[in-house]
Amino acid sequence: MVVIIDYNIGNLSSVISALKRVGIEAVITRDKDIIRQAKAIVLPGVGAFPVAMNNLKKFDLIDVLNERKDAGIPILGICLGMQILFEKGYEVEETKGLGFLDGEVVFMDIDEKVPHMGWNQLHFNQNHPILKNIHENDDVYFVHSFMATCPNEQLIAYSDYGKTNITAIAAKDNVIGCQFHPEKSGAVGQKILLAFKEMIEC
């Protein structure tokens, strides 16, 4: 069973539907006892970084997320759910993140149109199991105005947006973050979620 964290942030119904399409049994919950039973955790998110972190605190979910991360349970963050995996973000105000990934999340102060919205290609920076079913230059769907910076060793894939490299997938140990929405990325997104399923089953 995979748990999708319910912290009043994100399009939960589309995420659970996408997981079920690849054969992943998933539940939406904030019940800590159920979270502790999960084989993997998905942290979705749409909205603002400080709201997301405040909601995790309000629902007393930060300690159990740390506990499961330390236990080696695979954790997948999507969009804002990926951003709060980092050490801090600067949306609205400087806010401490979960710190599961190294780096911070900053406004996309670039020449291109912001938000970065639409389909963009993935360029691979290094091999990772999450990429096993897709190909270099496959397109995925983005919607975001802030972007993560991370060490090169944690950068799995990026997208070019004008002259800017956007961190698209970052990972450290059992934690993976996707800036784009795999649940909205058609066949490519489905293949990414299938790779996540295979990582859980290994």
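Small disclaimer: the values here were computed from a predicted structure and weren't measured.

*Asks:* A description of the sheet that holds strand 2 (residues 26-29) should follow, citing residues and the corresponding values.
*Replies:* The strand order 2-1-3-4-14-13-12-9 describes an open sheet built from 8 strands, whose pairing is mixed. With partners counted over all chains shown, the strands left at the sheet margins are strand 2 and strand 9 (123-124), one partner each. Sheet topology places strand 1 (residues 2-5) next to strand 2; 4 bridges connect them, and they run parallel. Bridging across to strand 2, Ile4 finds its partner in Ile28. Across the sheet, helix 6 (residues 186-201) lies against strand 1, strand 3 (40-43), strand 4 (75-78) and strand 14 (175-178), angled at about 150° from strand 3, the strand it touches most.

*Asks:* Provide a residue-level description of the pairing of strand 10 (residues 139-144), including the pertinent values.
*Replies:* Alternating positions in strand 10 separate cleanly, Val140, Phe142 and His144 being buried on one face and Asp139, Tyr141 and Val143 remaining unburied on the opposite face. Where strand 8 (residues 116-121) lies against strand 10, 6 bridges are found, and the strand directions are antiparallel. The residue of strand 10 that forms the bridge with His116 is His144.

*Asks:* Describe the nonpolar core, and please don't skip the residues or the numbers.
*Replies:* Leu19, Val42, Ile130, Ile169 and Phe180 are the most contacted members of the largest nonpolar core, which has 40 residues in total. Looking at this core element by element, the count peaks at 6 residues for helix 6. Residues within four places of Leu19 in sequence aside, it is in contact with Val2, Ile4, Ile24, Ala26, Val42 and Leu193.

*Asks:* Residues and numbers for helix 3 (residues 49-58), please.
*Replies:* Of all the positions in helix 3, only Phe49, Pro50, Ala52, Met53, Asn55 and Leu56 are classed as buried. Where helix 3 ends, the next residue or the one after it, Asp60, has phi of about 55°, a positive value.

*Asks:* With reference to specific residues and values, describe the UniProt feature "domain: Glutamine amidotransferase" (unreviewed entry) in the chain.
*Replies:* Look at the UniProt record and you will see "domain: Glutamine amidotransferase" (unreviewed entry) annotated at residues 3-191. Taken end to end, residues 3-191 comprises 24% helix and 32% strand; its first and last C-alpha atoms sit 19 Å apart.

*Asks:* Which residues make up unusual backbone geometry, and what are the values?
*Replies:* Pro115 follows Val114 through a cis peptide bond whose omega is 10°. In this fold, Pro115 is placed in the loop between strand 7 (104-107) and strand 8. Even without being a glycine, Cys79 presents a positive backbone phi close to 55°. By secondary structure assignment, the location of Cys79 is in the loop between strand 4 and helix 5 (80-83). Positioned with a positive phi, Asn137 is a non-glycine residue whose angle comes to about 75°. You can see Asn137 is positioned in the loop between strand 9 and strand 10. The class of Asn137 is partly exposed, set by a relative accessible area of 35%.

*Asks:* Run through the packing of aromatic side chains, naming residues and quoting values.
*Replies:* This model, assessed by the stated rule, comprises 3 aromatic pairs. Measuring from centroid to centroid gives 5.5 Å for Phe107 and Phe146, while their planes differ by 70°, and the two rings are edge-to-face. Of this pair, Phe107 sits in strand 7 while Phe146 sits in strand 11 (residues 146-149); the two residues are 39 residues apart in sequence, bridging distant segments of the chain. Residue classification places Phe107 among the partly exposed positions, given a relative accessible area of 43%. On the accessibility criterion, Phe146 (12% relative accessible area) is buried. Their ring planes at 65° and their centres at 5.7 Å tell us that Phe142 and Phe180 sit as a pair that is edge-to-face. Taken together, the positions of Phe142 in strand 10 and Phe180 in the loop between strand 14 and helix 6 put the pair 38 residues apart, joining distant regions of the chain. For the pair Phe142 and Phe180, one class covers both residues: buried.

How each quantity is defined
- Residues numbered from 1 in each chain as written.
- Predicted model: local features only at pLDDT ≥ 70, side-chain atom pairs only at ≥ 80, totals over all residues.
- Heavy atoms only, no water.
- Pairing = 2+ DSSP bridges.
- Helix = DSSP H or I, 4+ residues; strand = E, 2+ residues; numbered from the N terminus.
- Contact = heavy atoms within 4.5 Å.
- Axes fitted to C-alpha atoms, helices over the stretch in contact; angles between N-to-C directions.
- Buried < 20%, exposed > 50% of the residue type's maximum accessible area, 1.4 Å probe, protein only.
- Core = buried A, V, L, I, M, F, W, Y, C linked by side-chain atoms within 4.5 Å.
- UniProt positions renumbered as here; feature names shortened; annotations may be inferred.
- Phe/Tyr/Trp six-rings, centres within 6.5 Å; stacked < 30°, edge-to-face > 60°.

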